[in-house]
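The chain contents come next:
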Amino acid sequence: MRLEKGANLGQSFQRRMEETMKLATMEDTVEYRLFLIPDESRDSDKHKEVLQKYIERIMTQFAPMLVPYIWQNQPFNLKYKPGKGGVPAHMFGVTKFGDNIEDEWFIVYVIKQITKEFPELVARIEDNDGEFLLIEAADFLPKWLDPDNSTNRVFFHHGELCIIPAPRKPGAESWLPTTPPTIPQALNIITAHSEKILASESIRAAVNRRIRGYPEKIQASLHRAHCFLPAGIVAVLKRRPRLVAAAVQAFYLRDPIDLRACRVFKTFLPETRIMTSVTFTKCLYAQLVQQRFVPDRRSGYRLPPPSDPQYRAHELGMKLAHGFEILCSKCSPHFSDCKKSLVTASPLWASFLESLKKNDYFKGLIEGSAQYRERLEMAENYFQLSVDRPESSLAMSPGEEILTLLQTIPFDIEDLKKKEANLPPEDDDQWLDLSPDQLDQLLQEAAGKKESESVSKEEKEQNYDLTQVSESLKAFISKVSTHKGAELPREPSEAPITFDADSFLNYFDKILGPRPHESDSDDLDEEDFECLDSDDDLDFETHEPGEEASLKGTLDNLKSYMAQMDQELAHTCISKSFTTRKQVEPVSQTTDNNSDEEDSGTGESVMAPVDVDLNLVSNILESYSSQAGLAGPASNLLQSMGVQLPDNTDHRPTRLWLPHHD
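What counts as what
Residues numbered from 1 in each chain as written. Predicted model: local features only at pLDDT ≥ 70, side-chain atom pairs only at ≥ 80, totals over all residues. Heavy atoms only, no water. Helix = DSSP H or I, 4+ residues; strand = E, 2+ residues; numbered from the N terminus. Buried < 20%, exposed > 50% of the residue type's maximum accessible area, 1.4 Å probe, protein only. Contact = heavy atoms within 4.5 Å. Areas by Shrake-Rupley, 256 points an atom, 1.4 Å probe, with all protein chains shown as cover. Axes fitted to C-alpha atoms, helices over the stretch in contact; angles between N-to-C directions. Parallel < 35°, antiparallel > 145°, perpendicular 65-115°, else oblique. Nonpolar A, V, L, I, M, F, W, Y, C, P; charged D, E, K, R; others polar. Salt bridge = Lys/Arg side-chain N within 4 Å of Asp/Glu carboxyl O. Polar contact = N/O pair within 3.5 Å; in protein donor to acceptor, adjacent residues only side chain to side chain. 1 Å grid on protein atoms, 1.4 Å probe; cavity = no way out; pocket = protein on both sides within 12 Å on 5 of 7 lines; lining within 4 Å. Points joined across faces, edges and corners; volume = space filled by probe spheres on them. Left-handed = near helix turned anticlockwise from the far one by under 90°. Expected span 1.5 Å × (residues − 1). Phe/Tyr/Trp six-rings, centres within 6.5 Å; stacked < 30°, edge-to-face > 60°. Lys NZ or Arg CZ within 6 Å of the ring centre and 35° of its normal. Core = buried A, V, L, I, M, F, W, Y, C linked by side-chain atoms within 4.5 Å. Pairing = 2+ DSSP bridges.

Broken down by element type, the protein chain carries 27 helices and 8 strands. Here the protein chain, with 662 residues, has 39% of them falling under the buried criterion. Sequence separation of 24 or more characterises 79% of the internal contacts of the protein chain that already satisfy a separation of 6 or more. Just so you have it, the protein chain exposes about 38,600 Å², and 51% of that area is on carbon and sulfur atoms.

Structure follows, in structure tokens:
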């Protein structure tokens, strides 16, 4: 799930983006493209050679960060893609990130850094939701930008987010196309006007906030836990730590057919289990821990009682062993390893290895030592997956890779058992349990909101001003809704609420004006909507004296209608359903007036003015209280306007008092 896309504007942009998506992108998949500028016409073979050199340089320079990374499904990779359909030849990559959204945002960070290190490259990135960078910054987008015209406008250049603008008026800026640009047009604009297309600071801040903390954040996303595993799995994970992801996914997505292979284990016997330390990502660890599973009695995997201190290690090891067994069961034990691509046979390997040495990838280790061979094997695996990736029909499956490792790497169970006493401590998994306050804090951080001062919860509740609710709703009502939806006030607590009655009545006259031919429609013109959609202050034209007289007549008629309506309603019980200003006045001031009104008769009965603010807040709080802490219309509406109500700790009926404004 995308936890960071809960804002209404983000949901709206995402929904409309999905409706207008033209790319057949797989679910939970991110695509990224790197273009070389200026895109001069050159020989295709020579251009391919240049781009291949860039791929080698990029993957080598970022290898120290990418090699040890544990991906949920697929790693970051780059391939040469020839030009087609007006799109020039470029470097292309696609990664399925699955349930771990952090993989996608790590790739955003990598792409951003690539364009920073290589200024002559321009990057474009999108996923199955479309322009997900715009979705992340939906609260700060300019009004002209929507999913219908955002195609080929969002790029990374010089390590900064760029958005190619649309001309305010046709022909106003000759260098801007009136329709969404093509890729060649976009590259030419970026080359010639790079300083004019930089995204606004608020948009860049929203995206940078999401990728803040990398590359240090990589270590924070890992979780180390003790697991009671068969010795074969321990040896495999020592050589291929990334295979833990495939095993967790196999167990997490198991079906009854998969579990048939786990009735009797053939590859990873439970008798060979030893204690070891396994490194997961937090997403993988949570997926494994939260699964409730009882192994088949025939499997030989028996768990100690839950009170046992090592129960968690046994449970994790049992689940992980099932995942590895499922992977191996999907391929024949006598599979041919002719499909295995020899890394050293690739023409790119020699130069790639030389580049790794120049970038101090081996950290001064002696060539041929155990640690050197371990890092070399990781580099070979990384090269095969990300740089020189074979076709899918030739690529080894995780199960085939595991069986190959078991056949080629020697391991001694007794030596592995000796290391049990020196295992590093496992990480605390308290991060799995979130209190409501911690969840609120995470949501506020995701939305970019921070408390300026640390105020206690009790003090916050005591100093809470209910007028914020009514003022925010007034600001919401004063906005104009169109077929695109209603606008929410972006900062209701910071800007004063203003209401121009003359301007309102001015537009009211346009809707219900006295001229017969104008009263046939109750909709605003397109131009009126364009004007009212603007964030700028409303600026209306001055009316002629004749129009002012007509407006005055309309107002008089409206007031007459309202007065007649009040007189009719005064004889009904409708007034008892609202709190009036007379009801909130002190009793001492209303006692004498009550007898006078009773004697006045029904002919002169006039309804007391309704206290709009008090009724509004009372109804909102009543709706909020009925939600019982769950999501509902009142909390959703208030939260979208930036209003946070304190918890309802007092369930007794109370009388609400608001400051009285004449």
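Two elements in contact, helix H12 (residues 282-289) and helix H13 (residues 311-329), have axes separated by 10 Å at closest approach and are oriented at 95°. On the basis of their axis angle, the class for H12 and H13 is roughly perpendicular. Contacts between H12 and H13 involve Tyr-285, Leu-288 and Val-289 from the former and Arg-312, Leu-316, Lys-319 and Leu-320 from the latter. In terms of residue class, the contact of H12 with H13 is made up of 5 nonpolar, no polar and 2 charged.

What follows is about the environment of Thr-276. Looking at the element boundaries, Thr-276 is found in strand E8 (residues 273-281). Not counting residues up to four positions away in its chain, the partners in contact with Thr-276 are Ala-225, His-226, Cys-227, Leu-229, Val-234 and Leu-423.

What follows is about the pattern of salt bridges. Inspection of every chain in the model, using the stated rule, returns 16 salt bridges. Lys-217 is the salt-bridge partner of Glu-102, the closest N and O atoms lying 3.6 Å from each other. With Glu-102 in helix H4 (residues 101-117) and Lys-217 in helix H8 (residues 217-220), the pair connects residues that are 115 residues apart, well separated along the chain. The salt bridge partner of Glu-126 is Arg-124, with a shortest N-O separation of 3.6 Å. Arg-124 carries the same exposure label as Glu-126, and that label is buried. Through salt bridges with shared partners, one network takes in Arg-239, Arg-240, Arg-242, Glu-377 and Glu-401.

Structurally, the position occupied by Asn-77 is in the loop between helix H3 (63-66) and strand E2 (79-81). At a separation of 2.9 Å, a polar atom in the side chain of Asn-77 contacts the main-chain carbonyl oxygen of Pro-75.

Evaluated as defined, the whole model comprises 2 cavities of 30 Å³ or more. Of the volumes computed, that of the largest cavity is approximately 170 Å³. Forming the walls of the largest cavity are 16 residues, and the residues nearest its centre are Leu-66, Val-67, Tyr-69, Arg-242 and Asn-381. Counting residues per element, the lining of the largest cavity draws most heavily on helix H15 (residues 370-387), at 5 residues.

Another point: the packing of helix H10 (residues 243-252) against H12. One way to put it is that H10 packs onto H12 with a least axis distance of 10 Å and a crossing angle of 35°. The element H10 and its partner H12 pack so that their crossing is left-handed. Touching Val-244, Ala-245, Val-248, Gln-249, Phe-251 and Tyr-252 of H10 are Leu-284, Gln-287 and Leu-288, all from H12. Among the residues forming the contact of H10 with H12, the class breakdown is 7 nonpolar, 2 polar and no charged.

In this section: H4. With 17 residues, H4 extends 25 Å between its outermost C-alpha atoms, agreeing within 8% with the 24 Å of an ideal straight helix rising 1.5 Å per residue. Within H4, 14 of the 17 residues are buried, which leaves it mostly tucked inside the rest of the structure.

Moving on to the packing of aromatic side chains. Remark: the centre distance and the inter-plane angle together describe each pair of aromatic rings, the angle taken between the planes. One pass over the full model with this rule turns up 15 aromatic pairs. Between the aromatic rings of Tyr-54 and Phe-118, the centroid separation amounts to 6.1 Å while the plane-to-plane angle is 70°, which identifies the pairing as edge-to-face. Highlighted residues: Tyr-54 in helix H2 (residues 44-61) and Phe-118 in the loop between H4 and strand E4 (121-127), separated in sequence by 64 residues. Overall, Phe-118 belongs to the buried group, its relative accessible area being 2%. An angle of 50° between the planes, with centres 4.6 Å apart, marks the rings of Phe-265 and Tyr-301 as tilted. Of this pair, Phe-265 sits in the loop between helix H11 (256-260) and E8 while Tyr-301 is found in the loop between H12 and H13, placing the two residues 36 residues apart along the sequence. Given a relative accessible area of 3%, Tyr-301 falls into the buried group. Members of the aromatic cluster, connected to one another through ring pairs, are Tyr-69, Trp-71, Phe-106, Tyr-109 and Tyr-214. The ring of Trp-431 carries Lys-282 above its face, with NZ or CZ at 5.2 Å from the centroid.

If you look at the biggest cluster of nonpolar residues, it comprises 62 residues, and the most contacted ones within it are Ile-58, Phe-76, Phe-106, Ile-114, Ile-125 and Leu-133. Sort the elements by how many residues they give to this core and H4 lands first, with 9 residues. The residues contacting Leu-133, other than those within four sequence positions of it, are Trp-105, Val-108, Ile-125, Val-154, Phe-156, Leu-161 and Val-207. Counting residues in hydrophobic clusters, the runner-up holds 44 residues, among them Ile-70, Leu-243, Phe-293 and Phe-324.

Turning our eyes to something else, we now look at unusual backbone geometry. With an omega of -5°, the peptide bond between Ile-37 and Pro-38 qualifies as cis. Within the secondary structure layout, Pro-38 lies in the loop between strand E1 (29-36) and H2. In the segment running from Tyr-214 into Pro-215, the intervening peptide bond is cis, with an omega of 5°. Residue position: Pro-215 is located in the loop between helix H7 (201-210) and H8. Even without a glycine there, the phi angle at His-158 is positive, about 55°. When you line up the elements, His-158 lands in the loop between strand E5 (154-157) and strand E6 (160-163).

Next up on the list: the sheet that holds E2. Read from one edge of the open sheet, 6 strands run E2-E3-E1-E4-E5-E6, paired in antiparallel fashion. Each edge of the open sheet is held by one strand with a lone partner, namely E2 and E6. The average angle at which neighbouring strand axes cross in this sheet is 35°, direction not considered. Two strands pair when backbone bridges link them, and E2 and strand E3 (residues 90-96) are joined in this way by 3 bridges, in the antiparallel orientation. Within the sheet, the bridge partner assigned to Tyr-80 lies in E3 and is Met-91. Contacts between H2 and the sheet are confined to E1, E2, E3 and E4, with E2 contributing the most and set at about 155° to the helix. Sitting on the sheet, H4 is in contact with E1, E3, E4 and E5, with an inclination near 165° to E4.

The next point concerns the environment of Lys-474. Tracing the backbone shows Lys-474 in helix H20 (residues 467-478). What makes Lys-474 partly exposed here is its relative accessible area of 37%. Remark: the alpha-carbon pair of Lys-474 and Asp-613, spanning 139 residues in sequence, is separated by 9.5 Å.

Turning next to the pairing of E6. Pairing of E5 with E6, which is carried by 4 bridges, proceeds in the antiparallel orientation. Residue pairing for E6: His-157 is matched across the bridge by Glu-160. Connecting the antiparallel pair E5 and E6 is a turn made up of 2 residues, with His-158 showing a positive phi of about 55°.

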